[in-house]
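Residue-level structure breakdown
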Amino acid sequence: MKLFQALPLFLASSCSGFTFLPQQQTRSSPIHTALNAVPKADSYKVTLLPGDGIGPEITDATKAVLKTLCDRCGFQLNFEEALIGGAAIDAVNDPFPQESLDQCLASDSVLLACIGGYKWDNNPRELRPESGLLKMRKEMGLFANLRPAKVIPQLIDASTLKREVIEGVDIMVVRELTGDVYFGEPKGIDTNAETGERVGYNNMIYYENEIKRIARVAADVATKRQGKLMSIDKANVLDVSQLWKEVVIQICTEEFPDVELKHMYVDNCAMQLIRNPKQFDTIVCGNIFGDILSDEASMLVGSLGMLPSASIGESGPGVFEPIHGSAPDIAGQDIANPLAMILSAAMMLRYDLERPEEALMLENAVEQVL
């Protein structure tokens, strides 16, 4: 029996009190309330974006597990699929067509598998799968990415770091998604008319309101964890980082006085994540710093195939997805690991659908199966 196929058995046998592991084995972290959830309901509309590569396979596995959870707990998830990534390019020559955007915006939440593959690597930028992902984030206003890096005891030896370094690590990286150097203008590749030399440039820019809203999300997450927030910048050399630091201090001082706020330069953080990762609880950073550091943090647990993520906005549905790629080399072989997408569904239940108890059930089921 495949590993994930045991999950419905554990879910189906769980008791109505939401405890289905022995008490001493249940997760010690508190049940988090949603940041921007729809009201708790008996039925929800969820858009599925299977995407590319192994995406359809892990989507099917996740649907099966969620169906068992719904049957056991007495609520419904009504799924509708839409196109994104390479599959959308092949079908309609658009990596994120308007029909997909409209369907996502009309949903209570969105569950994305993965996108991309060698097939589309040489396409022009506007016809690459990753452009569809960026468009989705921008059009849906998904400015905050939450990526946990929690060491699972059963997989601790899979990490490349020593057990004593990573045992007990539980980090949440909160990354700003819609600003910074990836979206700043002007940008491009030009040719010097006099010398003929080409020059490429991007603009690292943040507006004050963009920093304020990500700081609020991160501080709110910190209050639901250990109350510690580390803000990452490069304020010693970057003006944009100096503004970042000033605004984060303002928000935490005025609105979250109980949060213990500290600051760290990005290069030092990259080193400290390897040297002493247990010093971190919640980390908040801009888009490019977060892109790099969240990948680094993910490797503490030893497997990208186990890590979920959530992307949320100020209103409307969030998007929940595993952090791994589409693995086109194993697509169609029925050997892909769906656990990261299943754990992403647990984040969806917690942060978008106001179902924290069911989210905890799903997370505990994964640990029990492992």
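First, a word on scope: everything that follows refers to the structure included in this document. Note that the structure is predicted; figures quoted are calculated from it, not measured.

What counts as what
- Residues numbered from 1 in each chain as written.
- Predicted model: local features only at pLDDT ≥ 70, side-chain atom pairs only at ≥ 80, totals over all residues.
- Heavy atoms only, no water.
- Helix = DSSP H or I, 4+ residues; strand = E, 2+ residues; numbered from the N terminus.
- Buried < 20%, exposed > 50% of the residue type's maximum accessible area, 1.4 Å probe, protein only.
- Polar contact = N/O pair within 3.5 Å; in protein donor to acceptor, adjacent residues only side chain to side chain.
- Contact = heavy atoms within 4.5 Å.
- Phe/Tyr/Trp six-rings, centres within 6.5 Å; stacked < 30°, edge-to-face > 60°.
- Lys NZ or Arg CZ within 6 Å of the ring centre and 35° of its normal.
- Pairing = 2+ DSSP bridges.
- Axes fitted to C-alpha atoms, helices over the stretch in contact; angles between N-to-C directions.
- Core = buried A, V, L, I, M, F, W, Y, C linked by side-chain atoms within 4.5 Å.

Looking at the side chain of Ser100
Residue position: Ser100 is located in helix α4 (residues 98–105). Since its relative accessible area comes to 3%, Ser100 is described here as buried. Reaching out from Ser100, the side chain makes a polar contact with the backbone oxygen of Leu83 at a distance of 2.6 Å. Every residue in contact with Ser100, bar those within four places of it in the chain, is listed here: Ala82 and Leu83.

Some details on the packing of aromatic side chains
Going through the model one piece at a time under the given rule, you end up with 2 aromatic pairs. Considering the side-chain rings of Tyr44 and Phe75, the 6.2 Å spacing of their centres and the 85° angle between planes classify their relative orientation as edge-to-face. With Tyr44 in strand β1 (residues 43–51) and Phe75 in the loop between α2 (55–73) and β2 (76–81), this pair connects stretches of sequence that are 31 residues apart. Like Phe75, Tyr44 is buried. With 5.5 Å between their ring centres and 55° between their planes, Tyr206 and Trp244 make a pair best called tilted. Of the two residues, Tyr206 sits in the loop between β7 (198–201) and α7 (208–223) while Trp244 sits in helix α8 (residues 239–255), which places them 38 residues apart along the sequence. The burial state of Tyr206 is the same as that of Trp244; both residues are buried. The lysine or arginine in question, Lys234, covers the ring of Tyr265, its NZ or CZ lying 5.5 Å from the ring centre. Just above the ring of Phe75 sits the side chain of Arg355; from NZ or CZ to the centre is 4.3 Å.

Examining the sheet that holds strand β8 (residues 228–233)
Spatial ordering of the open sheet is given by β2-β1-β3-β12-β11-β4-β5-β10-β8-β9, a layout of 10 strands whose pairing is mixed. Bordering the open sheet on either side are β2 and β9 (260–265), each of which pairs with just one other strand. Strand after strand, the sheet turns through a mean of 25° between neighbouring axes, direction not considered. Pairing between strand β5 (residues 170–176) and strand β10 (residues 282–285): 4 bridges, direction parallel. When the bridges of β10 are listed, Met172 appears paired with Thr282. Relative to the sheet, α2 contacts β1, β2, β3 (109–114) and β12 (319–322), its axis offset from that of β3 by approximately 140°. Those strands touched by α8 are β8, β9 and β10, and its axis lies near 160° from that of β8.

Examining the nonpolar core
With 59 residues, the main nonpolar core has Leu77, Leu111, Leu146, Val217, Leu229 and Leu362 as its most contacted residues. By residue number, the principal contributor to this core is helix α11 (residues 339–351), which donates 10 residues. When near neighbours in sequence (up to four residues on either side) are disregarded, Leu111 contacts Val46, Thr47, Leu48, Leu49, Thr62, Leu66, Phe320, Met341, Ser344 and Ala345. Among the nonpolar cores identified, the runner-up in size contains 23 residues, and Ile156, Cys269, Cys285 and Leu307 belong to it.

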